[in-house]
Amino acid sequence: AQSVTQLGSHVSVSEGALVLLRCNYSSSVPPYLFWYVQYPNQGLQLLLKYTTGATLVKGINGFEAEFKKSETSFHLTKPSAHMSDAAEYFCAVSDQNAGNMLTFGGGTRLMVKP
Amino acid sequence: DAGVIQSPRHEVTEMGQEVTLRCKPISGHDYLFWYRQTMMRGLELLIYFNNNVPIDDSGMPEDRFSAKMPNASFSTLKIQPSEPRDSAVYFCASSLTRGITGELFFGEGSRLTVL
C-alpha cells in the first residue's frame, strides 16, 4: 500500500523568498513520484515527475524536487517565489505495478505575500 | 489541442434529484479517471476505465453513484438520488500510457452543490 503525507496544509512565503513544500511517501516498491499544481477554479496539472535516473528533477515555472530514498521524501522547492505561484500543490505516488493509479497527498496551499 | 472537457462546470440541485456529469477525454487517451475533491477528504479516486471498460470502482462511495463510458470519447458520472454530502468538485482525467509517465490530464472540474 502506498501513502503520501504533505506536511503543512498551508504555507505562506514572501515574494522572492524560498519555497519549500514537504512530501513524504511510503511505498512497498520503488515509487514514481509527482507534483501537481492546482490554480483556483482549475484542474490539476503536472509540475514535475520522478520515475528513474537523476534524483533531482526540474519542472515547469522554476520548480524542482529531489527524490531522497533514504528519507522517503520528495520535497518541492523554488528559489524565489512569485505571486503567480499562489496555488495548491499536491504530491502523488504510484508504483510500477499500479501504473497510473496515483495516490495523492492532502495538498498544501501556498500563499505568496507581496 | 483540446484538453479534457467537463460539463457542466457548475450544478446546483436539490436533494433527491438525479445529477449527471459528463466528460470528454483527450482524443487517443485510453485511460479515464473520475475523482472527487472535498475539503474534508481531499482528492479521492472514484473509478477508472481502460479502453472504455471499468477497471476499478472501489472508490465509488455507494450504489447511488454510477459511471459509464459508452465510447472512447465520452463518459458520465451519475448520482441518483443526490444528497447534500455529495457536494464536491468532480474531476475527470485522462491518460495515454500506463505505468511509466503517470501523467494525468485533468479537466477543469464540475462543482456540484446539493441543497
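Below is a summary of the structure that appears in this document. (Residues numbered from 1 in each chain as written. Chains lettered and ligands numbered in written order. Predicted model: local features only at pLDDT ≥ 70, side-chain atom pairs only at ≥ 80, totals over all residues. Heavy atoms only, no water.)

## Focus: the overall build of chain A
Then comes step 1: Helix and strand content of chain A: zero helices and eleven strands.
Then comes step 2: Sequence-ordered secondary structure for chain A, helices as α and strands as β, is β-β-β-β-β-β-β-β-β-β-β.
Then comes step 3: Rg of the C-alpha trace for chain A: 13 Å, near the compact-globule value of 13 Å for 114 residues, within the 12% margin.
Then comes step 4: Each principal axis of the C-alpha atoms in chain A carries an extent, and together these give about 45 × 30 × 20 Å.
Then comes step 5: Taking all 114 residues of chain A together, the buried fraction comes to 48%.
Then comes step 6: Put simply, 57% of the contacts in chain A that link residues at least 6 apart link residues at least 24 apart.
Then comes step 7: Accessible area of chain A: about 5,200 Å², with a carbon and sulfur share of 52%. (Helix = DSSP H or I, 4+ residues; strand = E, 2+ residues; numbered from the N terminus. Rg over C-alpha atoms; globule rule 2.2 N^0.38 Å. Buried < 20%, exposed > 50% of the residue type's maximum accessible area, 1.4 Å probe, protein only. Contact = heavy atoms within 4.5 Å. Areas by Shrake-Rupley, 256 points an atom, 1.4 Å probe, with all protein chains shown as cover.)

## So, the nonpolar core
Then comes step 1: Judged by nonpolar contacts, the single largest core of 27 residues is most densely connected at A:Trp35, A:Leu48, A:Leu76 and A:Tyr89.
Then comes step 2: Of all the elements in the fold, those that place two or more residues in this core are strand S2 (10-14), strand S3 (19-26), strand S4 (31-38), strand S5 (44-50), strand S7 (64-68), strand S8 (73-78), strand S9 (87-95) and strand S11 (108-113) of chain A.
Then comes step 3: Every residue in contact with A:Leu48, bar those within four places of it in the chain, is listed here: A:Leu33, A:Phe34, A:Trp35, A:Val57, A:Lys58, A:Gly59, A:Phe63, A:Glu64, A:Ala65, A:Phe74 and A:Leu76.
Then comes step 4: Counting 21 residues, the second-largest nonpolar core is a separate cluster that includes B:Met60, B:Ala67, B:Ala88 and B:Val114. (Core = buried A, V, L, I, M, F, W, Y, C linked by side-chain atoms within 4.5 Å.)

## Regarding the sheet that holds strand S3 (residues 19-24) of chain B
All names here are of chain B.
Then comes step 1: Here four strands make up an open sheet; going across it, the order is S1-S3-S8-S7 and the pairing antiparallel. A single partner strand is all that each edge strand has here, and the edge strands are strand S1 (5-7) and strand S7 (65-71). For this sheet the average axis-to-axis angle between neighbouring strands, irrespective of direction, equals 15°.
Then comes step 2: Pairing of S1 with S3 involves three bridges; the strand directions are antiparallel. Counted as the bridge partner of isoleucine 5 is lysine 24 from S3. (Pairing = 2+ DSSP bridges. Axes fitted to C-alpha atoms, helices over the stretch in contact; angles between N-to-C directions.)

Just geometry here; none of it tells us what the structure is for.
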